[in-house]
Amino acid sequence: MATSRVIAPYGTWPSAITPELISGRNVQLSQVRVDGADTYWVEGRATQGGRQVLLHRRSDGITQEILPMTPENELVDVRTRVHEYGGKAYAVAEGVVVVSHGGDGRVYKLEPAGARRTLVPLTPAIGHRYADFTIDTVRGLVYAVRERHTPEGVINDLVAIPLDGSAGREADEIRVIVSGPDFVAAPDLNPAGTMLSWMEWDHPHMPWNSSRLCVANLDFEGHAVDKQVICGGENCSVVEPRWSPGGDLVYVCDQTGYWNLYRVEGLADGKPRVRPLHPADRTFSVAMWIIGLHTYDFLDEDHIVCSWAVDGIWHLGSIRLANGECEEWPIGWQPSGNVATSAGRVVLLAENDTHRPAVIEVSGGDVTVLRRSSDERMDDQDVSVAKEISWEAGDGQTVYGFYYAPHSTTHQGPEGELPPLVVSVHSGPTAAARSGLDLRVQFWTSRGFAVLDVNYRGSTAYGRAYREALDGLWGIAEVEDIASGVRYLTEQGLVDPERVAVRGASAGGYSALRAVERSDVFSAATSAFGVTDLAGLRAETHKFERYYVDRLVGVDGSSPAGQAELARRSPLNNVGTNPAPLLLLQGDSDPVVPLKQAQQLYEARLAAGLPTALKIYEGEGHGLRLATSIRDAIATELCFYQQVFGLPVEQPELVNISA
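Attention here is on the structure that accompanies the text.

Thresholds, definitions, all that
Residues numbered from 1 in each chain as written. Predicted model: local features only at pLDDT ≥ 70, side-chain atom pairs only at ≥ 80, totals over all residues. Heavy atoms only, no water. Helix = DSSP H or I, 4+ residues; strand = E, 2+ residues; numbered from the N terminus. Rg over C-alpha atoms; globule rule 2.2 N^0.38 Å. Buried < 20%, exposed > 50% of the residue type's maximum accessible area, 1.4 Å probe, protein only. Contact = heavy atoms within 4.5 Å. Areas by Shrake-Rupley, 256 points an atom, 1.4 Å probe, with all protein chains shown as cover. Lys, Arg positive; Asp, Glu negative; His and termini not counted. Charge placed at Lys NZ, Arg CZ, Asp CG, Glu CD. Pairing = 2+ DSSP bridges. Axes fitted to C-alpha atoms, helices over the stretch in contact; angles between N-to-C directions. Salt bridge = Lys/Arg side-chain N within 4 Å of Asp/Glu carboxyl O. Expected span 1.5 Å × (residues − 1).

### Considering the overall build of the protein
Then, in step 1: On a plain count of helices and strands, the protein comes out with ten helices and 38 strands.
Then, in step 2: On C-alpha atoms alone, the protein measures out to a radius of gyration of 25 Å, which is about the 26 Å that the 2.2 N^0.38 rule sets for 659 residues.
Then, in step 3: Overall, the C-alpha framework of the protein stretches about 75 × 70 × 50 Å when taken along its three principal axes.
Then, in step 4: Looking at the protein residue by residue over its 659 residues, the buried ones come to 59%.
Then, in step 5: For the protein, the proportion of contacts with a sequence separation of at least 24, taken over those separated by at least 6, is 58%.
Then, in step 6: A total accessible area of about 24800 Å² is found for the protein, and carbon and sulfur atoms account for 47% of it.
Then, in step 7: Looking at the protein, you have 57 positive and 85 negative side-chain charges, and the mean spots of the two groups are 2 Å apart.

### Digging into the sheet that holds strand β26 (residues 334-342)
Then, in step 1: One open sheet accounts for four strands, arranged β26-β27-β28-β29; its pairing is antiparallel. Single-partner strands in this sheet number two, and they are β26 and β29 (366-372). The average undirected angle you get between the axes of adjacent strands in this sheet is 25 degrees.
Then, in step 2: Note that strand β27 (residues 345-352) and strand β28 (residues 355-363) share six bridges and pair antiparallel. Pairing of Asn352 across the sheet is with His355, part of β28.

### Some words on the pattern of salt bridges
Then, in step 1: Applying the stated criterion to the full structure yields 38 salt bridges.
Then, in step 2: Asp157 is the salt-bridge partner of Arg146, the closest N and O atoms lying 3.0 Å from each other. Of the two residues, Arg146 is situated in strand β11 (residues 141-150) and Asp157 in strand β12 (residues 153-162); the sequence distance between them amounts to eleven residues. Note on accessibility: Arg146 and Asp157 belong to one class, buried.
Then, in step 3: Salt bridges sharing partners connect three or more residues here, namely Asp254, Arg464, Arg467, Glu468, Asp471 and Arg551.

### What to know about the pairing of strand β23 (residues 303-310)
Strand residues, when the strand is regular, have side chains that alternate between the two faces of the sheet.
Then, in step 1: Of all the eight residues making up β23, six are buried; the element is thus mostly covered by neighbouring parts of the structure.
Then, in step 2: Two elements, strand β22 (residues 296-298) and β23, share three bridges in a ladder whose sense is antiparallel. Counterpart to Tyr296 in the pairing with β23 is Cys306.
Then, in step 3: Remark: four residues form the turn of the hairpin made by β22 and β23, two consecutive strands paired antiparallel.
Then, in step 4: Bridge count between β23 and strand β24 (residues 313-320): eight bridges; the pairing is antiparallel. If you follow Ala309 over to β24, its bridge partner there is Trp314.
Then, in step 5: Taking the residues that link successive antiparallel strands as the turn, the β23-β24 hairpin has two residues, and the phi of Asp311 there is positive, at about 55 degrees.

### A few points about helix α9 (residues 595-607)
Then, in step 1: Its 13 residues place the ends of α9 19 Å apart at the C-alpha level, agreeing with the 18 Å of an ideal helix rising 1.5 Å per residue.
Then, in step 2: Within the sequence span of α9, burial applies to Leu595, Gln597, Ala598, Leu601, Tyr602 and Arg605.
Then, in step 3: Looking at the buried residues of α9, the elements they touch are α5 (507-518), α6 (534-540), β37 (582-587) and β38 (612-617).
Then, in step 4: Where α9 ends, the next residue or the one after it, Gly609, has phi of about 75 degrees, a positive value.

Shown next as structure tokens:
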């Protein structure tokens, strides 16, 4: 028998989704790999200080951590800081594991089947960073991206590290394979072991703007000779080069406006022939913020298993190498990370409307969940399911997003009352919101808030033209997209126009700050490690993004005119344009957006008499990893909105809004 729901104001409903649940009983899954019948992945554990742990699932179903302590008796943190954002921090081949330890930055080798389960240092402890490993068992080498921070600047190159441990004692044993370009990534070895492929790019570009695909022959010692540029260049992004079992080179390129798959035949005989595999208005990769993308793999000699996005929704399927025929697999899950194959089975990171990210295996059409990101399961009836929506911005641009209505099986809002709205602005800005189950979204909807997740101009998954529509207009175009989304929901009668908060992190934090400057639709804003001073960011940011601000703002930031425009678009210089209450969340060790950016805005707003709160998290960088920090940030933000929207405050001591 159905029971009536309790009537209570929106934003006050009790919820089982607590900050403790989000921070304490979940892991962040990433870096799925396979090696024969074995499966590997990395788990980020907030309860262990954010440590990233390598898990190994054997063919008999037994899953365990496999990495022993380092020779210095440290637990291994599977992490790399190449480009600051990291990415592929381990590789496995024929049972040999190579891993980057975030603690000392060294690379270690483990042979799990060996008699001695010890970690062998492959690189010296001299502060260099390594990532994107490819193991060459024939030559006894591992190819890797190396990043050196020197007094002359940051140098990136492609190197060969001996697997015998000799370079762990003598750095000169590490051989440079590719040098010269500002950046290199994605080394891969052909099946015969005679050729190496990689991608490279130079300042002022980002890899999703302009990059090159290169190949070279390998001699017996592993030196690369006779380099060829196969594809890429100005206004062409080429990513994810990978060799097929038959010896052809496959890659992803957006020369037609979408990241599509291509195949290069005839490289071995010196007569390369390039052809598209499946030309379509589909996105087969993502912006390479992290190193080591792996959105497709080879099912067999005739088929690729791949993921692709259409209008922000991700799909899984196969493409026939001979004729490009594409078949979607109706598995009920959306790919959300690596796709890896071995012996007919497909393992990937995936999610759907009612399940958080999980490592799943697809074999014979059946799906098996190997590892969930949380043992806590939400009942499907308790989930607010994403609704894909689009609207028109003031300048006529079609904008996309996902709307989540307030939802509870036990409570409902009073008749005639509309719910408050939380607008989420993803970081990147070339990232994209996805529609899979996210407890952070359900945290709001289960309490009676509506949520709008905006895929503003610049977002990946809608083609190159949409991604580049933000170039030159950062802080302007996406702000219009965000504000027009609020107006659209208001016109539909779905949300309360007097209670609208905008929130974002990193670049999303900058956009949230600009949104309250340039629009009157927002009642409050939260910025987590968001950019407040563009000129300061440009001067202090890391090598990877050194010229990115110039492209986004459309200026030469070193010129007087460019510096003036950077100042005009900096929230720090527009403090008095909107009195909306502001919450700033910031780590004290952020290498991307330094702490002083938040502190300067906080002090300027206090001086202007504007309501502002600042929470600083000790030991945190660009993003929160510690369970205590995550818990506090979520509770603080809830308390902040409760205060601003005039709702009962659960823990009033969490936020003291000054001014």
